[in-house]
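Summary of structural features
Chain by chain, the residues:
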Amino acid sequence: MNRRTFLGLLGAAGVSLGASSASHAASAADVKGLPDSGAVLFDATRCIGCRKCEEACNAVNELPKPAAPFSDLKVLDTARRTSDAAFTVVNTYHPAGAQAPVFRKIQCNHCLEPACASACFVKAFQKNESGAVSYDASVCVGCRYCMIACPFNIPTYEYNEALAPRVRKCTFCEPRLKEGKLPACVEACPKEALVFGKRREIIHIARARIMDNPGKYQDHIYGEHEMGGTAWMTISAAPFRELGMREDLGVETAGSYTAGALSAVPVVVGMWPVLLGGIYAVSKRKERIAEEEKREAVAEAIARASAEAEAKLSDELGKAEVANKRRIEVEVKKALEAAAQSQTSGEDKQ
Amino acid sequence: MEERKKRIPGSLAVLALCVIAGLSVLAVRLGHATPQEDDGFRADILSIGVLKDYGPLTQPKVVFLHDKHTSALAKLGAKYKAQCNTCHLKGKDGKTGLFFLREANPAAGGELKKIYHDGCIGCHSDLAGSGLKSGPRDVECKRCHAGEPVAKSSWKPLQVDRLLHFRHARTQEKQTNPCGACHHVYDPAAKKTAPAAKAELVPGACAYCHKAADTVTKGGTPEKVRSLRLASHGECVTCHVQTAAKGAGVATGPATCSGCHGPLSQKDIEAHNRKQVPENADLRIQRKQPDQTLILAPVPAASGQPGKLFTMNPVPFDHRAHEARGASCAACHHETLASCGATCHTVAGSKDGGQVTLAQAMHSPTSDRSCVSCHAKEQKRAECAGCHAFVKPAKAADQAACAACHMAPKPETAGALPALAAAPASPARDQERARLAAQLLDGRAMTTRLYPVEDIPEKVSIKALAKDYQAAEFPHRRIVLGMAAALKDNRLANAFHTDEGTLCRGCHHMSPASKTPPHCGSCHAAAGPGPDGRPGLKAALHGQCMGCHSAMGIAGKLSKAAPAGTKPVPLNTDCTGCHQQAKK
């Protein structure tokens, strides 16, 4: 391939990419199209670490009972994470300068634009109208990309299940929400550390609590904007990082990081083979035709040249023959004359 | 190729040796990272960076340990004959200056650098020449210019509270002018400071004139005022040193950094001061101040309305009782000892007062010297926090909250108030105010009132939500009487809990005080939280009870005053501690 063709291919590839439609990740207080999506506010100043929420979740989801009963509060001394038998856990934290320990409930945050849904290439995760991020085990292939993608480390896997392991996480009690009931943990909490409502209302409640109690809470609702916004939000007196919550997540949804690159995939996979292949084929054909014509022209030129040469050769040969004959004649004549001369001169001498 | 192969192991061996040597040097340095003396906390760390006023620094700031030098020099006797004056020269007036080997900063930075280098390195070299252990000398730049100190600073600012003041005042008891030893006033005629002649002329705390940095006010009296740091060290330390020079047994104050600034915490310093003072000593700083006074806003009489005062009721203020609460006068009188509203915090606000009006100055909940904020701080104490953690700050419309301080004047004196308000400051005016205040304060009941005991239910059975658990039997009367008993001697509580129903409103909130307050369930729905964010009944009950226990820090504890056989306060997570499990 010559340079011009190569540059032309490059140019065509670039222009076609630009023509692809850019996909945006949404970033708004509500998920676009889901104005009534539910949300829950967790107030870290109210939680007393009684584990009633864990007990209720275990009962409603028919999960296996844990080794230590839910009334055993020693369990809170070790930091736990969600597991395939525990969709939610409560951990104890000791913020600097706090007289009493602070407790935090960990569960799926049901993000507005979930990272797990973005990473899943079989669309097993879906953000629903109710606000829940639901999981469809029937399409899951078990790649566990969702576990890597989740910034909060929530999805867990049934490693002990040999034949049909599933990804396990909080379901937001979607069946109960459909019946108009509260999620099991929200209903079980004796201190109303968990409050359920529409996302906008929950944000208002959180703001009101922060304003009505100046100096009590951190002036920030965790989850309002983190990772593009989550349905489960937290307010706390202690700084969030002292409760083991990541503060480095930013406000971009997980999907937005890859949206740009992924929107180029259809172009690359669909259009480039056709476009670039076509341009390549056309240019190749042009080359081939040019090659052929060149060959023909060369052959013709050779043929003409050789014919000319042939003619010239025979011409010269003929001329040469004639010249030769004449020379021979001349020589013969000369010889005859010489002979005749010598004859006459001999007679004289007598 | 052969030669190259031979060189590789050789160079590797050299490299390995270099790495080992380097690491061992590092280990040695790290091993010496902790200082040899004390536990790494020093109160005498000075960071010398004066050259930054002359341009950007080319070397890190010098870390100078002051006590280390004074103690080292003290051991040398002969070298230290001049004591502080070895480094801090005496000025023309015979007073020891506070700069190092100079009276003032020279014009050129190079000159200043020379003073320090010659002074420090010169002395170090002298001592080293005599065979003594000494500090860094030439070519050891970074030993002085270390930037950050190795030891941690335990320096604490020193506050002259009433205890410390008492100890100092005691030393001057026998003098004709006891206050003048420390407190001075500026004499514009003589253009220098002179001791205050008597107590009433003392301007007050040093910090009123001596600010954080040297101040220069053109045409001011005086024009130049040195910083609090220079003033306090110049006056206090020199006096301590001079007193010590009087003899070995003469009691004097510290002359080292750690003596005043650490490493003891403020609590330790207070305890130490208290030990030096007799048990029932009168710590009051005497300045002929009134015991009680009437805080009356200086509002001029309105035209056409003589005899009417357009302002809130005056506040009779027990000044003497409040003096015992702050560390010193400066706790409230933060700029000057003059009356708050005279020139600075006028009713409408003035430039002198930073545009803070009198009302704001008295009521601001966030300042640390307003009346309301100080009372709010007291409410955070454990015996108060059980209720006051939930009580929202009073809003302006809450009339009853104002009346605790703004007392209606007696009818016979009400007529004289407008004139009193407008009158300029004078001893007669102050006397009259004190008299009126005393009248109002003496008649005031200072006890926490309650409803009659028979009207306080003995036990309350909380059964509205009983399902998984039985009703909670709440020992209502015992708790109410117990809390009232704990507040018996608390003057602040007694001043404000003046109505019979006030204490009840700690729990029976958001409704007028009454012998029959509304049931919790009439405002808190059993079903769940309300739309305005108010908790549901279960959360309201749990939040109120557990919140009080947490705020008071009594969960799991038993009060000393509780009758025998009483169970300790249940932990928040101990459900059956408050209500038994429901029988199946």
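The structure displayed is predicted, hence computed values, not measured ones.

Some points on the overall build of chain A
Along its length, chain A carries nine helices and nine strands. By the compact-globule yardstick of 20 Å for 350 residues, chain A is too spread out, its C-alpha radius of gyration being 46 Å. Its C-alpha atoms put chain A at 170 × 45 × 40 Å along the principal axes. Looking at chain A residue by residue over its 350 residues, the buried ones come to 38%. Pairs at least 24 apart in sequence give 61% of the contacts found in chain A among residues at least 6 apart. For chain A, the accessible surface area stands at approximately 21000 Å², while carbon and sulfur atoms represent 57% of it. Positive and negative charge centroids in chain A, built from 45 and 43 side chains respectively, lie 4 Å apart.

A short note on the interface of chain B and chain A
Between chain B and chain A, the residue contacts involve 15 residues of the former and 13 residues of the latter. For the pairing of chain B and chain A, the buried interface totals around 1100 Å² over both sides, and the portion due to carbon and sulfur atoms is 64%. Broken down residue by residue, the surface that chain B buries against chain A is led by B:Lys538, B:Ala539 and B:Thr573, which jointly contribute 35%. The tally of links from chain B across to chain A stands at zero salt bridges. Our enumeration of links across chain B and chain A arrives at three residue pairs in polar contact (both at pLDDT 80 or more). For the side of chain B that touches chain A, the leading source of residues is helix 19 (residues 537–552) of chain B, giving five residues. Along the lines of polarity and charge, the residues of the side of chain B that touches chain A split into six nonpolar, six polar and three charged.

Description of the environment of B:Ala248
Following the sequence through the fold, B:Ala248 ends up in the loop between helix 6 (228–245) and helix 7 (257–261). The spacing of B:Ala248 and B:Leu15 is 233 residues in sequence and 63 Å in space, taken between C-alpha atoms.

A word on the pattern of salt bridges
Residues and elements named next belong to chain A. With the rule as written, the count across this model stands at 36 salt bridges over all chains. Between Asp36 and Lys198 there is a salt bridge whose closest N-O contact spans 3.7 Å. Of the two residues, Asp36 is situated in the loop between helix 1 (3–19) and strand 1 (38–43) and Lys198 in strand 8 (residues 194–198); the sequence distance between them amounts to 162 residues. On the basis of relative accessible area, Asp36 is assigned to the exposed category, the value being 51%.

Here we look at helix 6 of chain B
For helix 6 of chain B, built from 18 residues, the straight-helix expectation of 26 Å at 1.5 Å per residue is met to within 8% by its first-to-last C-alpha distance of 25 Å. Within helix 6 of chain B the residues assigned to the buried category are B:Leu230, B:Ala231, B:Gly234, B:His240, B:Val241 and B:Thr243.

Considering the pairing of strand 5 (residues 184–187) of chain B
Residue and element names in this part refer to chain B. Pairing of strand 5 with strand 6 (residues 192–195) involves four bridges; the strand directions are antiparallel. Within strand 6, the residue paired with Asp187 across the bridge is Lys192. In textbook terms, the turn of a hairpin is the stretch between consecutive antiparallel strands, and for strand 5 and strand 6 this stretch comprises four residues, one of which, Lys191, has a positive phi near 55°.

Some remarks on the confidence of the model for chain B
Here chain B averages 85 in pLDDT, while 94% of its residues score no lower than 70. In the predicted structure, residues 29–37 of chain B sits below a pLDDT of 50 and forms seven contacts with residues beyond four places in sequence or in another chain.

Here we look at the sheet that holds strand 8 of chain A
Residues and elements named next belong to chain A. Strand order in the open sheet made by the three strands is 8-1-9, with mixed pairing throughout. Each of the sheet's edge strands pairs with one partner strand only, and the pair in question is strand 8 and strand 9 (232–235). Across this sheet, the average inter-strand angle for adjacent strands is 25°, counted without regard to direction. As judged from the five bridges shared by strand 1 and strand 8, these two strands associate in the antiparallel manner.

Comments concerning the confidence of the model for chain A
Put simply, chain A has an average pLDDT of 91, and 95% of its residues get 70 or more. In this model, residues 25–29 of chain A is a region of pLDDT below 50 whose contacts with residues beyond four sequence positions or in other chains number 12 contacts.

Structural notes on a negative patch on the surface
On the surface, a cluster of negative charge is made up of A:Glu291, A:Glu292, A:Glu293 and A:Glu296. Relative to the helices and strands, A:Glu296 is located in helix 9 (residues 265–349).

A closer look at the nonpolar core
Residue and element names in this part refer to chain A. By size, the foremost hydrophobic cluster in this structure holds 51 residues, and its most contacted members are Phe152 and Leu194. The set of elements that each furnish at least two residues to this core consists of strand 1, helix 2 (52–60), strand 2 (89–93), strand 3 (102–106), helix 6 (184–188), strand 8, helix 7 (199–212) and strand 9. For Phe152, the residues in contact, after removing those within four places along its chain, are Asn109, Cys111, Tyr222, Met227, Thr230 and Leu249.

A short note on the packing of aromatic side chains
Residue and element names in this part refer to chain A. Enumeration according to the criterion identifies seven aromatic pairs over all chains in this entry. Residues Phe172 and Phe196 carry aromatic rings whose centres are separated by 5.9 Å and whose planes lie at 90° to one another, so their mutual orientation is edge-to-face. With Phe172 in the loop between strand 7 (167–168) and helix 5 (174–178) and Phe196 in strand 8, the pair connects residues that are 24 residues apart, well separated along the chain. The partly exposed category is assigned to Phe196, whose relative accessible area is 27%. The structure contains a cluster of three or more aromatic residues connected by ring pairs, namely Phe172, Phe196 and Trp232.

Remarks on a nonpolar patch on the surface
All names here are of chain A. Taken together, the side chains of Met1, Phe6, Leu7, Leu10 and Tyr280 define a hydrophobic patch exposed on the protein surface, amounting to about 540 Å² of accessible area. The greatest single-element share of the nonpolar patch, amounting to three residues, is contributed by helix 1. Among the structural elements, Phe6 can be located in helix 1.

Notes on the side chain of A:Glu158
Residues and elements named next belong to chain A. Note that Glu158 resides in the loop between strand 6 (156–157) and strand 7. The buried category is assigned to Glu158, whose relative accessible area is 12%. A polar atom in the side chain of Glu158 sits 3.0 Å from the backbone nitrogen of Arg166. The residues contacting Glu158, other than those within four sequence positions of it, are Asp84, Ala164, Pro165, Arg166 and Arg168.

With respect to the side chain of B:His88
Residues and elements named next belong to chain B. Considering the arrangement of structural elements, one finds His88 in the loop between helix 2 (66–75) and helix 3 (109–129). Look at His88 and you get buried, because its relative accessible area is 19%. Within the structure, His88 has its side chain in polar contact with the backbone oxygen of Leu98 (distance 3.3 Å). A polar contact is formed between the side chain of His88 and the backbone oxygen of Phe99, at a distance of 3.2 Å. The residues contacting His88, other than those within four sequence positions of it, are His66, Thr96, Gly97, Leu98 and Phe99.

Reading the values: rules and limits
- Residues numbered from 1 in each chain as written.
- Chains lettered and ligands numbered in written order.
- Predicted model: local features only at pLDDT ≥ 70, side-chain atom pairs only at ≥ 80, totals over all residues.
- Heavy atoms only, no water.
- Helix = DSSP H or I, 4+ residues; strand = E, 2+ residues; numbered from the N terminus.
- Rg over C-alpha atoms; globule rule 2.2 N^0.38 Å.
- Buried < 20%, exposed > 50% of the residue type's maximum accessible area, 1.4 Å probe, protein only.
- Contact = heavy atoms within 4.5 Å.
- Areas by Shrake-Rupley, 256 points an atom, 1.4 Å probe, with all protein chains shown as cover.
- Lys, Arg positive; Asp, Glu negative; His and termini not counted.
- Charge placed at Lys NZ, Arg CZ, Asp CG, Glu CD.
- Buried area = accessible area lost by both parts, 1.4 Å probe.
- Salt bridge = Lys/Arg side-chain N within 4 Å of Asp/Glu carboxyl O.
- Polar contact = N/O pair within 3.5 Å; in protein donor to acceptor, adjacent residues only side chain to side chain.
- Nonpolar A, V, L, I, M, F, W, Y, C, P; charged D, E, K, R; others polar.
- Expected span 1.5 Å × (residues − 1).
- Pairing = 2+ DSSP bridges.
- pLDDT = per-residue confidence, 0-100.
- Axes fitted to C-alpha atoms, helices over the stretch in contact; angles between N-to-C directions.
- Patch = residues over 30% accessible without salt bridge, like charges linked within 9 Å, V, L, I, M, F, W, Y side chains within 5 Å.
- Core = buried A, V, L, I, M, F, W, Y, C linked by side-chain atoms within 4.5 Å.
- Phe/Tyr/Trp six-rings, centres within 6.5 Å; stacked < 30°, edge-to-face > 60°.

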